[in-house]
Amino acid sequence: MEAKKRIVFDIECLVNYFCVVMVELEGDREHRFYIHKHRNDSSEIIEVCKRLTMIGYNNHGYDDILINYLMMNPDCTNMDLYNLSKSIIEKNKTDEQRRLVNKYKYLELFDSIDVMTMLASSALRVSLKHLQVVIKWRNVHEFEVDWDKPLKESRWEDCSDYCLNDVLSLKAVCETLGKDFELRDYVQRTTGIECRSKDPVKISEYAMCDAIARGKNIKTDKFIKQAIDKNVPTKEIVIKDLLNERIEFKTIEFQRAFEVYKNFILNPVAESKKPKKQKFQVPVILNGIKFNLGLGGCHHDIGKSITHKAKDGVKLLQSDVSSYYPSYRIKYLSHRFDPWFLAEYKQAYADKANAKKAGDKMLEGYAKLRLNSVFGLYNSLYSPLYQSDMAYGTTINCQLFLCMLIEALVIAKFDVVGANTDAVNVYVPDERWTEYLNICCSWENLTQMKLDHDEFAAIYEQSCNNYIAVTPEGYVKAKGTFVDEPSLLKGYSHPVTKKALIAYFTKGVPIEKYIKEHTDIYDFCMSTRMGTAKNGNKFEAYHNGIKLQRTNRYYASTGEGSAYMYKSSDTKNMQHVLKDSGVTVFNKFEKREMKDYKINYKFYEKICRDIINKIEPSQLNLF
C-alpha cells in the first residue's frame, strides 16, 4: 500500500474562533482552515484528515480529539469545539467533562502521528517552545491572550500566524528526526507493530511483549494488561541471593565492599525515596582513587577536575565492556516471561551483530532499541516487564565484575585512573601491552564478557561523567556538559562555550579568539521557561520593566537595551534569571553584524576559563 502524504498541523481554539493550519512535510504548500461566524471549513478539514497522515505535537492528547469530534459532529459550532477544548485542558475535570473527552479521545477516525509521544516518555517530555530554541528556530513565539474570552477580530490573523509559526517549527523538528521516522516506518512495515508515535522505550516494550504474547498464544494488548494488573511492588531483595558466583576479590578494600553487598537487604521503594546523599553507597579507595559503588554503576570520584595525557611509550586506554547489560542479561539472568523473552532478546542481540556486518542500519537500529531501551522497564511497576531483581542483579553484578578488572590491573601495577559503569581508564606502557591484554583476556574468560579498547591522546575531565577525550587521530568524544550539539530533550545553554572548550583542548585555540570569532548568534543563547513558585503562583519574567512570555531565549550582552532578566511570582520579590550579566531577549531572530549584537564576550570567556582552571590549574611561579 502506498504511504499517505504527511501533513504537519496545529489547532487554536477560542470562544469565537477555531483555526487549523496545515503544511506539507515534503513540500511547501500550506493551508489555513477556520470555523467562526464568517466561515465554516468543517467539511474541508474532515476531507483532508481522512485522506492524509496528520503529524502534530501532543495531538493525541488534544488536536486529534477535536478532529474526531468534528468528524462525528460535522455541523458543530465554534462554541461546541471550545467547550470540548476546555474539557480537554481542564486539570480537575468534572465527570461530565471526563466522559465527553473519553468519548472522542480513543477513536481512530484518521491517521495521525504524535511527535511529542514519539520523542520521549511522559517524564522527559518538553514543550514545542523548548524544541524551537534547540533547533534554532527564528521565532520563539507565544500568543499572549485570554484563551477563555472572545478574540478580537483584529487579532484573528495574528492567531493563525502564530499557529503557522508553530507548524513550521514542528516541520523543522520533523526534518531533524528524519532517521527516527524512517526507523519507525521500518519497524511497522517489517513487524506490523504500530510504533510511529511511540518513544524508544515503548517500542522496545511492545516488541518484547509481542514476542511473549505470541509464545503464550494470546493477544499482545491482553497480555500487557494482564501482566501489569498482576504487578506488585517488590518489598525486599536479598542482595546476597543475586550475587554472581564468579565474583571474587583479592584486595582487602574490595573484599570489605563485597561483604557489604552480601549483608544488604534492599527495599526498592524505600530506597527510591531517599535523598541522593542517603542512598546506598559503598566507597572504595584503591590506587589512590575513590570508586563509588552502589545500586547502579561504578564511578570514580577524584573530587577534582584533571587531565590525563598519553606519554611517549605509554598508551592512555579506555577499555569498555561491549553491550555490557544486554550481554550480562543473556548469560546469567532469567525473566519471569522466559523462555519467550530471552529468545527475543537473543534474537535482538544477533540482529545487531549481523546487521552491523551487513551495513543494515534499520535492522541494527531496531536491534539496539530492543536491547538498550528495555532495561529501565525492569524497575517500572507500570510495565509488563517489571522485575526489580533483574534490574539490580544486572547493575550490581556488572559493577562488581568491573571492579574485579580494576583490582587485577592495580595488583599488576597498572595505573588505573578512572572507571565509569562499563569502562576503565588506564595507562599501559608499550612494553607491557601483551601483559595488559592477557589480564583482560583472563577477565573475559572468567566473566564471559567482551572488552573493546579505545586509545586516547588525552582525556580532559571535569568529572566522571563530564569530559572531552581526544584520539591520536584527532577524533573527539565529548560527554555531559561538553557535548556541543544540544539534545532535543535537554536544556539549551550557550553551546559556544562547549565548542570553545573543545577547540581549546583539542587544537589549542585560545578561548578568547574562538568566542570572539564565532559567528552563530544562536550559539550564545540560553533559554528559560518560567515555572511555579512554592506558593503555587506561576513565575513571570521581566526585562527592562516589560513582562515577557513564558519561554524566553536570550544572550549575555552589554550596552543599550541590555538589562538583567528577573522572575517573580508576586511582582515584588524579583529573582535574577542570570545574575552575572545583563541580557538581550532574542525570541525573534534579527539579522545583524556580530559586533552589533553587543555580546558580553567576557561572560562566556569566564565560564570557559573557570572550567579550564579546574582541569589545568595554572602553576605559580614563586621565583
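Nothing here was measured: the structure is a model prediction, and the numbers come from that model. (Residues numbered from 1 in each chain as written. Predicted model: local features only at pLDDT ≥ 70, side-chain atom pairs only at ≥ 80, totals over all residues. Heavy atoms only, no water.)

Some details on the overall build of the chain
Piece 1. Summing up its helical and strand segments, the chain has 20 helices and 26 strands in all.
Piece 2. Expected size for 623 residues packed as a compact globule is a radius of gyration near 25 Å; at 28 Å, the chain falls within 12% of this value.
Piece 3. The dimensions of the chain, computed from C-alpha atoms along their principal axes, are 85 × 75 × 50 Å.
Piece 4. Burial analysis of the chain (623 residues in total) assigns 51% to the buried set.
Piece 5. Looking at the chain alone, contacts between residues at least 24 apart form 66% of all its contacts between residues at least 6 apart. (Helix = DSSP H or I, 4+ residues; strand = E, 2+ residues; numbered from the N terminus. Rg over C-alpha atoms; globule rule 2.2 N^0.38 Å. Buried < 20%, exposed > 50% of the residue type's maximum accessible area, 1.4 Å probe, protein only. Contact = heavy atoms within 4.5 Å.)

Observations regarding unusual backbone geometry
Piece 1. Cis peptide bonds are those with omega within 30 degrees of zero, and the linkage from Asp 338 to Pro 339 qualifies with 15°.
Piece 2. Looking at the element boundaries, Pro 339 is found in the loop between α13 (324-332) and α14 (340-358).
Piece 3. Positive phi, close to 30°, is recorded for His 494, a residue that is not glycine.
Piece 4. With respect to the helices and strands, the residue His 494 is situated in the loop between β19 (476-479) and α18 (495-507).
Piece 5. Here His 494 falls in the buried class, since its relative accessible area comes to 9%.
Piece 6. Phi is positive for Asn 544, close to 55°, though the residue is something other than glycine.
Piece 7. The topology assignment puts Asn 544 in the loop between β21 (540-543) and β22 (546-547).

Looking at the sheet that holds strand β23 (residues 551-556)
Piece 1. With antiparallel pairing, 3 strands are arranged side by side in an open sheet as β20-β23-β26. Either end of the sheet is taken by a strand with one partner, and the two such strands are β20 (525-529) and β26 (583-585). Pairwise comparison of adjacent strand axes, ignoring direction, gives a mean angle of 35° for this sheet.
Piece 2. Here β20 runs beside β23; their pairing, made up of 5 bridges, is antiparallel. Among the inter-strand pairings, Cys 525 is bridged to a residue of β23, identified as Tyr 555. (Pairing = 2+ DSSP bridges. Axes fitted to C-alpha atoms, helices over the stretch in contact; angles between N-to-C directions.)

Some thoughts on the pattern of salt bridges
Piece 1. As enumerated under the stated definition, the model contains 38 salt bridges in all.
Piece 2. Among the ionic pairs, Glu 205 bridges to Lys 202, the shortest N-O distance being 3.3 Å. In this pair, Glu 205 and Lys 202 both sit in helix α9 (residues 200-216), 3 residues apart, roughly one turn of the helix.
Piece 3. Across the pair Arg 592 and Glu 590 runs a salt bridge, and its minimum N-O distance is 2.8 Å.
Piece 4. Among the residues examined, Arg 592 registers a relative accessible area of 34% and is labelled partly exposed. (Salt bridge = Lys/Arg side-chain N within 4 Å of Asp/Glu carboxyl O.)

Digging into helix α11 (residues 252-262)
Piece 1. What α11 keeps buried is the set Phe 254, Ala 257, Phe 258 and Tyr 261. Along the axis of α11, the buried residues cluster in a sector spanning 100°; they form a single face.
Piece 2. Where α11 is buried, its residues contact β9 (282-286), β10 (289-293) and α16 (388-411). (Arc of directions from axis to C-beta.)

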